[in-house]
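So the chains spell out like this:
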Amino acid sequence: MALSRFTRGRPQENTIVDCDAPAISIVIPTRNRCGSLRRTLDALQTQTISSSAMEVLVVLDACTDDTPRMLEHYKTNFSLRSLALDPPHKGPATARNLGARSARGPLLLFLDDDVVPDTRLVQAHIDAHTATPNCVVLGPYLPVLQRNADCFRVLQQTWWNDKFLSLQRYGHRFSYTDVLSGNLSIQTRRFAEVGGFDGGFPAAHEDYELGLRLIQAGVRIIVARNATARHHEHEHMTIDRSFERARLEGRADVLLARRHASVVHTLLFVVLHEQSAVPHRIIRSLAYDRPSLGDTLAKLLGSLLPLLDGCRFRTSFHRLYKALRYYWYLRGAAQETGSAAAVTVLLENNRLRSQQQHEIDLDLRKGLTEAEAEMDHERPEAARLWYGRQFIGRIPFVAGSERLRSEHLRPILASSLSWSYLMCRVMEIAGQSPPARSTEDLFQSLAADETSHAGKIN
Amino acid sequence: MPTAVLDLDFAHLPREITGLERYHEAYILIRLQGVPIARITLPVLEGRIDGVELRTAAVQAGGWQLWETWLHQSLEWEQILLAHHPVPLSTIAICTRDRPHDARRCLEALSRLEDDGQELLVIDNCPSTDDTRRVVETFPRVRYVREDIPGLNVARNRALKEAAHDIVAFTDDDAAPDRGWLRALVRNFNDPLVYCVTGLTLPMELETDAQEWHERYSTFSRGFKRRSFERASINPMAAGQIGAGVNMAMRKSAMALVGPFDEALDAGTRTRSGGDSEMFSRLLAAGCRIVYEPRAVSWHRHRRSWTELRKMIHGYGVGVYAAWTRSFLVEHEWSMFRLASRWFFETQLPNLFRSAFWRSSPVHFDLGLLELRGCLAGPWHYLASRAAVRKRIR
């Protein structure tokens, strides 16, 4: 096979500024999904941005199918390079790092091989970086809805949909679990500075780990609404594969706990470890202490899932599926830790560390705009909210989440703290003379107060 | 005695309402700066409603909804959301058949909507005269499309095909949507999994007995709380409670996902109704989300005469069971048996029994019986209607 266009092994660091450098380097890790990869490349040919502004680096992770041949004959209008990792396969983290090292553009865009970009995607990523320098840009890659979707498919697509929906909500506080790498862009320099992906991770949650380091480094996370793509996950994700994936996630989460003690308590295996309900205990004891019995049982019960789906017993399907996913996840965690006792030790060690938090006090009586300005100025990790001398509530510290920004204030006042904030406003009116005698009076004076307040601002 | 229908905003509640001599009761929608909060019913004494009584009832009925809406307005929450999530483009489709007067009123209401670049489409279904076309010609922005095959679902399918935008808002010709109706409906489509949104439908007038019984017996109103439905939260077969076709919007792409409206169902065929809720069932079963949005207010003119009402209630009964028959035959939804039998034995029969012996029962015996008869006939009507559609296609 002619491999003239292939660069094997580690390429040299490119430090010289290249005059013909593309504006963006697109890195696609792939493993034995030739048709899927081809569709993604096809979609990159129809981008609104000029093809000379981008280069595409496909990293073959020990491919044994037709992918190398397909790439060799693939006709493109952009610069396409392939890099190959030798068997055994190393996982997407290593593949992406390799691609990133030989990228020539100042921006890196990671795409998965089952993600098909819409025509504006690349331009939208570049625009977002221009608007907010030094940030990570996430693009939504939404599930392709299927006709006659079964229970499993509906669960998957709802998860993906709601994930991207919550990221796009006004005032969303980004957490490391929001950093999904299927459609993500970052400055090449920044990526190198934080050290890239951790190659020690299995093919799961390596993106969360990178996300955590980025958030700790104070890098802003942005969602580019126009950088949409279609995620063809349904083509390869089956129930059994999702269990396999859950197992990998279990392993990855233990690695995360070891690397980053600060987020231990947000990890699912730790949360599950502290559950005392009987079903949880059974699942835990099977996963940690009797894996052979557990595996047999789980496989047996797993074979019931299609049956439940066929009979449209949707609730039973959901319950059983969730339980089995927990089991396989814990199995992965057990493989990595060895025993449930090891998890307890991990937690004990962690309990001794105390976390220094940057928390500030905000008085909302001075006006929301002032409070918002102070949040942007201070960027605290947590805040105590007051209305005069009345305490409204806290915006708590959340491990692995970004520091507070002004956008976070109003959504919290409109939802979780709405009751106490309202009460503070009411108390103020109620304390005035003459005191309100009924709810109606109270509401009237509150409404009147607001109009006079608005008048003052104008 | 008739009931007065009033639409009042909390910001300017009158000190006293007078001039209601013809009415013994008032049906009042309470809003706060345009946002619907609650519905109250108050007695009318000598043509008057006392302002204090009105205010008290409004605050009590509003409850948390009122306070929360006020709080959101003081946070300028709506403006923020509007700036952050743009309003998607949409097409409005009015499916009408030989009711030019209603169509005119509906079009007048629609021309008062906030302009978000929407397209307006009238589907004239199997008209016997040219009157509707002439009415439509007086509205320059409205596109007229004639569909000669009778059936509301045929007209809906045609509307989905003709629409220029992915989101299509449907209104019946006998309804008059509010100024903020469309915007409130279509904003929910910012969630890609939302395929259908229904709104709050209130009576335009309650002048006759038939209209009052319509409102009491089969109201379109589903409360003042926004709700989101998906397969995990509701049995797809119970989709009737989500809303009705009189006030709904859906994605054109739903056609590709779950297929078009079943042309053997709904008005204009033997099954008389059920086309909307059957579509909701299919969407839910496919994993889509349906939202009930009470801010999308539309006013429906209920049937004035008792004969029309009887016909309609019978039609509802037929439609519900016809739709379930379809779900079983085409979608193989076994759970429909459980639901149908439960509804029959736990709701309809006891209601009928009660109405036969208690005078103050909320169910009118005559209407209950009619609906039940309709239910029993539903499956056969569906089969006959399906055969008729097949014959037409051949």
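1. With respect to the overall build of chain B
Next up, step 1: The helix and strand inventory of chain B stands at twelve helices and 14 strands.
Next up, step 2: The C-alpha atoms of chain B give a radius of gyration of 21 Å, which matches the 21 Å a tight globule of 394 residues would have.
Next up, step 3: With the principal axes as the frame, chain B shows a C-alpha extent of 65 × 55 × 45 Å.
Next up, step 4: Counting all 394 residues of chain B, 48% fall into the buried class.
Next up, step 5: Contacts spanning at least 24 positions in sequence make up 74% of the contacts within chain B whose residues lie at least 6 apart.

2. Quick notes on the sheet that holds strand β3 (residues 25-32) of chain B
Residue and element names in this part refer to chain B.
Next up, step 1: Sheet architecture is open: three strands sit in the order β1-β3-β4, paired in mixed fashion. Two strands lie at the open edges of the sheet, namely β1 (3-9) and β4 (35-43), each paired on one side alone. Going from strand to strand, the sheet's axes swing by 20° on average, the running direction of each strand aside.
Next up, step 2: Looking at chain direction, β1 and β3 are connected through seven bridges and run parallel. Bridge assignment links Val5 to a residue of β3, and that residue is Tyr27.
Next up, step 3: On the sheet, helix α1 (residues 51-74) packs against β3 and β4 and is oriented at approximately 160° with respect to β4.

3. Observations concerning the sheet that holds strand β6 (residues 115-117) of chain A
Residues and elements named next belong to chain A.
Next up, step 1: Read from one edge to the other, the open sheet built from three strands follows the order β6-β11-β8, with strand pairing classed as mixed. Single-partner strands in this sheet number two, and they are β6 and β8 (141-143). Each strand axis lies, on average, 30° off the axis of its neighbour in the sheet, ignoring direction.
Next up, step 2: Here helix α5 (residues 151-168) sits on the sheet and contacts β8 and β11 (229-231); the angle it forms with β8, its principal contact strand, is near 150°.

4. Here we look at the environment of Met237 of chain A
Residue and element names in this part refer to chain A.
Next up, step 1: By secondary structure assignment, the location of Met237 is in the loop between β11 and α8 (239-259).
Next up, step 2: Met237 sits in the partly exposed class, given 16 other C-beta atoms within 10 Å.
Next up, step 3: Taking the C-alpha atoms as reference points, Met237 and Asp363, separated by 126 residues in sequence, lie 50 Å from one another.

5. Regarding the packing of helix α11 (residues 335-357) of chain B against helix α12 (residues 365-393) of chain B
Residue and element names in this part refer to chain B.
Next up, step 1: Where α11 contacts α12, the axes come no closer than 9 Å and their chain directions differ by 150°. The orientation of α11 with respect to α12, classified from their angle, is roughly antiparallel. Two packed elements cross with a definite hand, and for α11 against α12 that hand is left-handed. Residues Gln348, Asn351, Leu352, Ser355 and Ala356 of α11 pack against Phe365, Gly368, Leu369 and Leu372 of α12.

6. A closer look at the interface of chain A and chain B
It is common to report an interface's size as the accessible area lost on association of the parts.
Next up, step 1: Residue-level contacts link 25 residues of chain A with 26 residues of chain B.
Next up, step 2: Grouping the amino acids of the side of chain A that touches chain B by side-chain chemistry returns 13 nonpolar, six polar and six charged.

7. What to know about α5 of chain A
Residues and elements named next belong to chain A.
Next up, step 1: When the terminal C-alpha atoms of α5 are compared, their 26 Å separation across 18 residues agrees well with the 26 Å that a helix rising 1.5 Å per residue should span.
Next up, step 2: Restricting attention to buried positions, one finds in α5 the residues Cys151, Arg153, Val154, Leu155, Gln156, Gln157, Trp160, Asn161 and Phe164.
Next up, step 3: On the buried face of α5, the contacting elements are β8, β11, α12 (305-310) and α13 (314-337).

8. Points about helix α10 (residues 306-331) of chain B
Next up, step 1: The terminal C-alpha atoms of α10 of chain B lie 36 Å apart, and with 26 residues this matches the ideal 38 Å at 1.5 Å per residue to within 8%.
Next up, step 2: His332 of chain B, located one to two residues past α10 of chain B, shows a positive phi value of around 55°.

9. Structural notes on the nonpolar core
Next up, step 1: Ranked by internal contacts, the top residues of the largest apolar core, which has 202 residues, are Ile26 of chain A together with Ala249, Leu283 and Ile290 of chain B.
Next up, step 2: Excluding its chain neighbours within four sequence positions, the residues that come into contact with Ala249 of chain B are Ser90, Ile167, Val168, Ala169, Phe170, Leu185, Val186 and Val197 of chain B.
Next up, step 3: Ranked by size, the runner-up nonpolar core spans 15 residues in total, among them Ala371, Leu409, Ile412 and Ala414 of chain A.

10. A short note on the environment of Ile222 of chain A
Residue and element names in this part refer to chain A.
Next up, step 1: Within the element layout of this structure, Ile222 appears in strand β10 (residues 220-223).
Next up, step 2: Residue classification places Ile222 among the buried positions, given that 20 C-beta atoms sit within 10 Å.
Next up, step 3: Along the sequence, Ile222 and Val179 sit 43 residues apart, while their C-alpha atoms lie 10 Å from each other.
Next up, step 4: Those residues in contact with Ile222 that lie beyond four places of it in its chain are Ala128, Thr132, Cys135 and Val137.

11. Re the packing of helix α7 (residues 209-217) of chain B against α10 of chain B
All names here are of chain B.
Next up, step 1: Relative to each other, α7 and α10 sit at 25°, their axes nearing to 8 Å. As the angle between them shows, α7 and α10 are arranged roughly parallel. Note that α7 runs across α10; the crossing there is right-handed. Residue-level inspection shows Asp209, Ala210, Trp213, His214 and Tyr217 of α7 in contact with α10, the latter providing Trp306, Glu308, Leu309 and Ile313.
Next up, step 2: Residues that form the contact of α7 with α10 fall into these classes: six nonpolar, one polar and two charged.

12. Some thoughts on the environment of His408 of chain A
All names here are of chain A.
Next up, step 1: You can see His408 is positioned in the loop between β14 (390-395) and α16 (409-414).
Next up, step 2: Once the C-alpha coordinates of His408 and Asp309 are considered, the two residues, 99 residues apart in sequence, prove to be 41 Å apart.
Next up, step 3: Ignoring anything within four residues of it in the chain, the contact list for His408 reads Gly171, Arg173 and Ile395.

13. A word on unusual backbone geometry
Excluding glycine, most residues fall at negative phi; most peptide bonds, likewise, are trans.
Residues and elements named next belong to chain A.
Next up, step 1: The amide bond that connects Pro87 to the next residue, Pro88, takes the cis arrangement and shows omega of -5°.
Next up, step 2: Mapped onto the fold, Pro88 is located in the loop between β4 (79-85) and α3 (92-101).
Next up, step 3: For Ala62, which is not glycine, the phi torsion reads 50° and is therefore positive.
Next up, step 4: Relative to the helices and strands, Ala62 is located in the loop between β3 (54-61) and α2 (67-73).
Next up, step 5: When the 14 C-beta atoms within 10 Å are taken as the criterion, Ala62 is described as partly exposed.
Next up, step 6: Although it is not a glycine, Asn134 adopts a positive phi angle of roughly 60°.
Next up, step 7: By the element assignment, Asn134 lies in the loop between α4 (121-131) and β7 (135-138).
Next up, step 8: For Asn134, a count of 12 C-beta atoms within 10 Å translates into the label exposed.

14. Remarks on the confidence of the model for chain A
All names here are of chain A.
Next up, step 1: For chain A, the mean per-residue pLDDT works out to 89, and 91% of the residues sit at or above 70.
Next up, step 2: Scored below 50 in pLDDT, residues 1-17 makes 15 contacts in the model with residues more than four places away or belonging to other chains.
Next up, step 3: Confidence drops under pLDDT 50 across residues 453-458; counting only partners more than four residues distant or on other chains, this segment forms zero contacts.

What counts and how
- Residues numbered from 1 in each chain as written.
- Chains lettered and ligands numbered in written order.
- Predicted model: local features only at pLDDT ≥ 70, side-chain atom pairs only at ≥ 80, totals over all residues.
- Helix = DSSP H or I, 4+ residues; strand = E, 2+ residues; numbered from the N terminus.
- Rg over C-alpha atoms; globule rule 2.2 N^0.38 Å.
- Buried ≥ 20, exposed ≤ 12 C-beta atoms within 10 Å, placed from the backbone.
- Contact = placed C-beta atoms within 7 Å.
- Pairing = 2+ DSSP bridges.
- Axes fitted to C-alpha atoms, helices over the stretch in contact; angles between N-to-C directions.
- Parallel < 35°, antiparallel > 145°, perpendicular 65-115°, else oblique.
- Left-handed = near helix turned anticlockwise from the far one by under 90°.
- Nonpolar A, V, L, I, M, F, W, Y, C, P; charged D, E, K, R; others polar.
- Expected span 1.5 Å × (residues − 1).
- Core = buried A, V, L, I, M, F, W, Y, C linked by C-beta atoms within 7 Å.
- pLDDT = per-residue confidence, 0-100.

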